[in-house]
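Commentary on secondary and tertiary structure
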Amino acid sequence: MATKWGILSASKISHDFVLALETLSVEDHKVVAVAAKDKSRAKDFADNFKIPSYYGSYEELGNDSNVDVVYIGALNHQHYSLTKLMLESGKHVLCEKPFCINAKQLDELIKLSKTKQLFLMEAMWSRFTPAYQKVVEEVQNGTIGTVLHVQANFGIQISNIERIWKKEVGGGSILDLGVYTLHLIDTILGPGKPVSIKSKGTLNRYGTDENMSAILEYPEGKIAVISSHTKVEMDNSAYIHGTKGTIKIHQPFNASKEVTVNTTKFTFEQPVTRKPTVFPSSVQLRYEIDHVRHCLKRGLIESPVVTLNNSYTVQEIMDRLRNQIGVHFVEDNDSSM
């Protein structure tokens, strides 16, 4: 039977998510419901994608017995409360990145998912693309020897977008962009945690980070250098340096289609969505979507690829980075949850 999806939030990323899902077999995946705070937006979304049910509240989505798993494409500051609502409603959850505002929130969600025996995963879509899979394969096979240095940057000019500059919605370069670089670092140098983190950044007048650069030291002399920026366009590539060579991932955080291993270039062609996506290469969301189905079929409550521990480690690092450069959200107060 097909995995029956509910879409929480009629957002731009939810739009792309469903377009990507449409490239998969209808026998495997079906969107059966969508919910938005504005019911008219939910209806427009449902009409656009021929979704049979639409709701003007998230509680109604959680109460829909026809929904197996919910994709949460809402704003950052809503991830914790909405994931909690869906888990308490008995739904499996795939939640957009960043999983939460801080590790304290995520810890509670992980405990809840385990108590309820429900699947929970952060939608770190880049981790499931063919390009990313190729990189992991080459590193594990020892093609570039022992990895000692990883460099990753993600900078795009988005500082004027409200969800980026506004503190109340969990904005900032770290939570929106840095999360991608940190998941890459965790994939290559993890699952252990860094022994040292040193960072610098610039805040806007609202107290949200416009940029961040950091050096992370891991055991055995391994180093990661990362940057995130909302005011300049960076090359947005990642370099993995080993004792026998280098891997370059071309634009990994916009779902790379190209990887260079030493001097050999690998290109990965992608299917085309029925109409253009809002964000570049969003068709590659299809890989995380299919991964969730495979996990559910196996009765898993977490992904073996992006584990809850992987996400928790990244969330902890983001907490430390924010603390070092002076970004504080109301959710960081003990009484906020």
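Everything below is about the structure printed above this text.
Because the structure is predicted, anything quoted here is derived from the model rather than measured.

This brings us to the pattern of salt bridges. Taken as a whole and judged by the stated rule, the model has 16 salt bridges. Between R293 and D28 there is a salt bridge; the shortest N-O distance is 3.4 Å. Placement of the pair is R293 in helix α9 (residues 285–297) and D28 in the loop between α1 (12–21) and β2 (29–35), with a sequence separation of 265 residues. R293 gets classed as buried once you look at its relative accessible area, which sits at 7%. Exposure remark for D28: the relative accessible area of 25% places this residue in the partly exposed category.

The six strands lie next to each other as β3-β2-β1-β4-β5-β6, forming an open sheet whose pairing is parallel. Edge positions in the open sheet fall to β3 (53–55) and β6 (120–123), since each of these has one partner strand only. Sheet twist, expressed as the average angle between the axes of neighbouring strands with direction ignored, equals 25 degrees. Pairing between strand β1 (residues 3–8) and β2: six bridges, direction parallel. Bridging across to β2, G6 finds its partner in A33.

Taken in spatial order, the eight strands make up an open sheet running β8-β9-β10-β7-β11-β12-β13-β14, and their pairing is mixed. Bordering the open sheet on either side are β8 (196–203) and β14 (264–267), each of which pairs with just one other strand. Across this sheet, the average inter-strand angle for adjacent strands is 10 degrees, counted without regard to direction. Across four bridges, the pairing between strand β12 (residues 245–250) and strand β13 (residues 258–261) is antiparallel. Note that in β13 the partner of I249 across the bridge is V259. Against the sheet, helix α8 (residues 173–189) makes contact with β7 (147–155), β9 (209–218), β10 (222–229), β11 (238–242) and β12, and its axis sits at roughly 160 degrees relative to β10, the strand it touches most.

With that settled, consider the side chain of D209. Along the polypeptide, D209 turns up in strand β9. R322 is the oppositely charged side chain nearest to the buried, salt-bridge-free D209, at an N-O distance of 6.8 Å. Among the polar contacts listed, one links the side chain of D209 to the backbone nitrogen of I174, at a separation of 2.8 Å. D209 has contacts with G171, G172, S173, I174, T202, L203, I325 and V327, leaving out every residue within four places of it along the chain.

What follows deals with the environment of K37. With respect to the element layout, K37 can be found in the loop between β2 and α2 (39–49). We classify K37 as exposed; its relative accessible area is 63%. Spatially, the C-alpha atom of K37 lies 5.4 Å from that of S57, the residues being 20 residues apart in sequence. Those residues in contact with K37 that lie beyond four places of it in its chain are G56, Y58 and Q78.

For the rest of this paragraph, the subject is the pairing of strand β4 (residues 69–72). Burial along β4 is two-sided: V69 and Y71 and V70 and I72, pointing in opposite directions, are all buried. Inspection of the sheet shows β1 paired to β4 by four bridges, in the parallel sense. Residue pairing in the sheet places I7 in a bridge with Y71 of β4. Pairing analysis gives four bridges linking β4 to strand β5 (residues 92–96), with the strands arranged parallel. For V69, the partnering residue across the bridge sits in β5 and is H92. Remark: the β4/helix α4 (residues 79–88)/β5 crossover connection has right-handed handedness.

What follows is about the layout of surface pockets. The volume enclosed by the largest pocket comes to roughly 1100 Å³. Of all elements in the fold, only α1, α7 (162–165) and α8 reach the threshold of two or more residues within the lining of the largest pocket. Partitioned by chemical class, the residues of the lining of the largest pocket number 17 nonpolar, nine polar and 10 charged. Of the pockets and cavities examined, the second largest pocket occupies roughly 260 Å³. What lines the second largest pocket is a set of 15 residues, among which R127, Q140, D186, T187 and I188 lie closest to the centre. Where the lining of the second largest pocket is concerned, the elements lending two or more residues are α6 (130–140) and α8. The element best represented in the lining of the second largest pocket is α8, accounting for four residues. Taken together, the residues of the lining of the second largest pocket sort by class into seven nonpolar, six polar and two charged.

The rules behind each value
- Residues numbered from 1 in each chain as written.
- Predicted model: local features only at pLDDT ≥ 70, side-chain atom pairs only at ≥ 80, totals over all residues.
- Heavy atoms only, no water.
- Salt bridge = Lys/Arg side-chain N within 4 Å of Asp/Glu carboxyl O.
- Helix = DSSP H or I, 4+ residues; strand = E, 2+ residues; numbered from the N terminus.
- Buried < 20%, exposed > 50% of the residue type's maximum accessible area, 1.4 Å probe, protein only.
- Pairing = 2+ DSSP bridges.
- Axes fitted to C-alpha atoms, helices over the stretch in contact; angles between N-to-C directions.
- Contact = heavy atoms within 4.5 Å.
- Lys, Arg positive; Asp, Glu negative; His and termini not counted.
- Polar contact = N/O pair within 3.5 Å; in protein donor to acceptor, adjacent residues only side chain to side chain.
- Right-handed = clockwise from strand over helix to strand, strands pointing away.
- 1 Å grid on protein atoms, 1.4 Å probe; cavity = no way out; pocket = protein on both sides within 12 Å on 5 of 7 lines; lining within 4 Å.
- Points joined across faces, edges and corners; volume = space filled by probe spheres on them.
- Nonpolar A, V, L, I, M, F, W, Y, C, P; charged D, E, K, R; others polar.

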